[in-house]
Amino acid sequence: MVISESFYLREDTLSIAKELLGKYLFTNIDGAITGGMIVETEAYMGVKDASCHTFNNRKSAKNATMYEQGGVAYMYICYGIHDMLNLVTGQMGKSHVVLIRAIEPTDGIEKMIERRGNFSLKKLSNGPGSLAKALGLNKSFDKESLNSERLWLEDRGLILEESNIKITPRIGINCPEPFLTAPWRFLISGNTFVSRK
DNA sequence: TATGGGATTACCT
DNA sequence: GGTAATCCCATAC
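The rules behind these values
Residues numbered from 1 in each chain as written. Chains lettered and ligands numbered in written order. Predicted model: local features only at pLDDT ≥ 70, side-chain atom pairs only at ≥ 80, totals over all residues. Heavy atoms only, no water. Core = buried A, V, L, I, M, F, W, Y, C linked by side-chain atoms within 4.5 Å. Buried < 20%, exposed > 50% of the residue type's maximum accessible area, 1.4 Å probe, protein only. Contact = heavy atoms within 4.5 Å. Helix = DSSP H or I, 4+ residues; strand = E, 2+ residues; numbered from the N terminus. Pairing = 2+ DSSP bridges. Phe/Tyr/Trp six-rings, centres within 6.5 Å; stacked < 30°, edge-to-face > 60°. Lys NZ or Arg CZ within 6 Å of the ring centre and 35° of its normal. Near = heavy atom within 4 Å. Polar contact = N/O pair within 3.5 Å; in protein donor to acceptor, adjacent residues only side chain to side chain. Nonpolar A, V, L, I, M, F, W, Y, C, P; charged D, E, K, R; others polar.

Caption draft 1: Here's a closer look at the nonpolar core. One finds Leu20, Leu25, Leu85, Leu87, Ile100, Leu137 and Leu153 to be the most contacted residues of the largest nonpolar core, which totals 57 residues. When near neighbours in sequence (up to four residues on either side) are disregarded, Leu25 contacts Thr34, Gly35, Gly36, Ile38, Leu85, Ile100, Ile103, Leu131, Leu135, Leu151, Trp152 and Leu153.

Caption draft 2: Quick peek at the pairing of strand 2 (residues 32-45). By the criterion of burial, strand 2 is predominantly enclosed, with 13 of the 14 residues buried. Examined bridge by bridge, strand 1 (residues 24-29) and strand 2 share six bridges and lie antiparallel to one another. Across the sheet, residue Leu25 finds its bridge partner in strand 2, namely Gly36. Judged from the 10 bridges that link them, strand 2 and strand 5 (residues 96-107) form a sheet pairing that is antiparallel. Looking at the pairing, Thr41 lines up with Ile100 of strand 5. Strand direction decides the pairing type here: strand 2 and strand 8 (residues 185-188), joined by three bridges, are antiparallel. Note on strand 8: the bridge partner recorded for Glu40 is Leu187.

Caption draft 3: Region of interest: the packing of aromatic side chains. Overall, the coordinates contain four aromatic pairs when judged by the stated rule. Ring pairs connect the aromatic residues Tyr24, Phe26 and Trp152, which therefore count as one cluster. Geometry around Phe7 places Arg10 over its ring, the cationic atom sitting 4.7 Å from the centre. The ring of Phe141 is capped by Arg150, whose NZ or CZ atom sits 3.8 Å from the centre of that ring.

Caption draft 4: Representation of the protein's contact with DNA strand C within the structure. Near DNA strand C you find Arg58, Ser60, Ala61, Lys62, Tyr79, Gly80 and Ile81, and these make up its full shell. Close to the protein, within 4 Å, the atoms of DNA strand C belong to sugar or phosphate groups at a rate of 65%. Between a phosphate oxygen of DNA strand C and a side-chain N or O atom of Ser60, the distance comes to 2.3 Å. A distance of 2.5 Å is found between a base oxygen of DNA strand C and a backbone nitrogen or oxygen belonging to Tyr79. In terms of residue class, the surface near DNA strand C is built from three nonpolar, two polar and two charged.

Right, here's the structure in full:
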């Protein structure tokens with residue numbers, strides 16, 4: 001079942017980030033369907049979060065998509081090289097997003113290996129830049145609906161026990177406390193396709 | 001108009 | 001574990 005817009009429009013971004021674990025993410029590019037199960041996410045909490053691109057109400061062409069109503073993709077290019085997929089959540093103007101950091105590949109694995117250049121299954125999509133490349137995501141997906149012909153998420157009825165979810169500080173950010181170590185990263189405990197334990 | 005930095009990755013020892 | 005790759009835009013002169 002495709003996840004509907006109401007899922008993303010809720011106000012509790014941390015719950016959304018946690019509930020995205022075990023959901024499925026797919027792209028269909030020129031008829032090639034690729035994707036898998038989300039195993040790692042991070043929440044970025046808008047204008048008050050010092051590590052968020054919209055901190056202090058910053059607004060620019062680069063981050064404008066973050067202020068859209070929940071249910072669209074926000075693509076960010078990091079280090080000029082790596083595309084990353086975020087899901088915008090909440091009402092218009094809230095600028096909360098969830099970064100998808102890793103998936104467990106399930107569909108179109110051959111195609112993903114082709115895009116990545118013969119990587120082992122484990123390293124196919126175990127990081128935000130890697131998974132974007134494996135799924136063929138790039139800046140053209142910025143502002144794309146999360147229920148479109150070429151990008152969508154599915155709930156396949158998998159229910160995770162609370163004890164199978166691990167919560168840690170976010171990876172790779174550089175900002176003051178309390179945001180630096182805020183427990184806003186969620187991963188499936190023991191899953192081997194996460195970027196880091 | 002010039003400069004610096006970033007939600008990373010891959011390849012080296 | 002150390003580091004180069006690589007580019008848009010925010011910030012500073």
